[in-house]
Amino acid sequence: MRRAVCPGSFDPVTNGHLDIIGRASRLFDEVIVGVLMNQSKSGLFTVDERIDMLREVTASYGNVRVESFRGLLVDFCRAQQASVLVKGLRAVSDFDYELQMAQMNMGLAGVETLFMPTNPLYSFLSSSLVKDVAKWGGDVSPHVPDRVRAELLARLSPPTRS
């Protein structure tokens with residue numbers, strides 16, 4: 001079975017993430033979305049909330065499952081019996097960092113990294129940017145699934161304008 005991992009924090013999941021996950025699901029028999037549990041970062045959503053949203057918005061893919069992990073990504077890949085990571089690249093600046101990570105992962109555990117160029121519709125999109133726009137009352141509906149938009153609206157109320 002050809003199995004791949006799409007890792008990230010997904011705080012929150014965006015349409016750019018879903019584009020990469022969906023494209024990977026057409027290339028592999030199974031795609032595991034690995035949600036990083038990072039104790040040193042406090043996210044807007046808990047890991048359980050992110051997993052719940054991801055499971056809902058990827059439910060239409062019969063070969064995608066969502067799991068959390070902590071520690072080394074290569075250890076998670078080993079535990080999942082996945083030898084490939086799928087990473088989306090938005091810009092050249094992403095490549096510099098991701099290439100170093102890919103080389104380290106290959107050296108540590110022989111895990112290959114497949115880089116997918118992001119759909120140009122999402123090349124500017126990041127979870128941080130979506131959160132910031134939502135915080136100030138901007139419309140994020142073109143950038144996130146409806147469920148995520150509703151969760152952002154419930155969590156972030158724009159500041160009162162004076």
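These notes cover the structure that comes with them. (Residues numbered from 1 in each chain as written. Predicted model: local features only at pLDDT ≥ 70, side-chain atom pairs only at ≥ 80, totals over all residues. Heavy atoms only, no water.)

**A few points about a nonpolar patch on the surface**
Okay, so step 1: A cluster of nonpolar side chains, Leu 72, Met 104 and Leu 108, forms an exposed patch at the surface whose accessible area comes to about 300 Å².
Okay, so step 2: With respect to the helices, strands and loops of the structure, Leu 108 is situated in helix α4 (residues 92-109). (Patch = residues over 30% accessible without salt bridge, like charges linked within 9 Å, V, L, I, M, F, W, Y side chains within 5 Å. Areas by Shrake-Rupley, 256 points an atom, 1.4 Å probe, with all protein chains shown as cover. Salt bridge = Lys/Arg side-chain N within 4 Å of Asp/Glu carboxyl O. Helix = DSSP H or I, 4+ residues; strand = E, 2+ residues; numbered from the N terminus.)

**Quick notes on unusual backbone geometry**
Okay, so step 1: For the peptide bond that leads from Asp 11 to Pro 12, omega is 5°, which places it in the cis range.
Okay, so step 2: Positive phi, normally seen in glycine, also occurs at Phe 10, with a value near 50°.
Okay, so step 3: For Phe 10, the position within the fold is in the loop between β1 (3-8) and α1 (15-27).

**Here's the deal with the nonpolar core**
Okay, so step 1: Ranked by size, the top nonpolar core spans 32 residues in total, and within it Ile 21, Leu 54, Val 86 and Leu 152 carry the most contacts.
Okay, so step 2: For this core, the secondary-structure elements that each account for two or more residues are β1, α1, β2 (30-36), α2 (47-57), β3 (64-69), β4 (84-89), α5 (127-135) and α6 (146-155).
Okay, so step 3: Per-element tally for this core: the top contributor is α2, with five residues.
Okay, so step 4: Filtering out sequence-adjacent residues up to four positions away, Leu 152 remains in contact with Pro 12, Leu 44, Phe 45, Val 130, Lys 131, Ala 134, Val 140 and Val 144.
Okay, so step 5: Counting ten residues, the second largest nonpolar core, distinct from the first, contains Val 5, Leu 73, Val 74 and Cys 77. (Core = buried A, V, L, I, M, F, W, Y, C linked by side-chain atoms within 4.5 Å. Buried < 20%, exposed > 50% of the residue type's maximum accessible area, 1.4 Å probe, protein only. Contact = heavy atoms within 4.5 Å.)

**Examining the layout of surface pockets**
Okay, so step 1: Estimated volume of the largest pocket: approximately 1,300 Å³.
Okay, so step 2: Lining the largest pocket we find 43 residues, and of these Pro 7, Gly 8, Ser 9, Lys 87 and Glu 98 sit closest to its centre.
Okay, so step 3: Of all the secondary structure elements, the ones that give two or more residues to the lining of the largest pocket are β1, α1, α2, α3 (73-80), β4, α4 and α5.
Okay, so step 4: Top contributing element to the lining of the largest pocket by residue count: α4, with seven residues.
Okay, so step 5: Taken together, the residues that form the lining of the largest pocket break down as 20 nonpolar, 15 polar and eight charged. (1 Å grid on protein atoms, 1.4 Å probe; cavity = no way out; pocket = protein on both sides within 12 Å on 5 of 7 lines; lining within 4 Å. Points joined across faces, edges and corners; volume = space filled by probe spheres on them. Nonpolar A, V, L, I, M, F, W, Y, C, P; charged D, E, K, R; others polar.)

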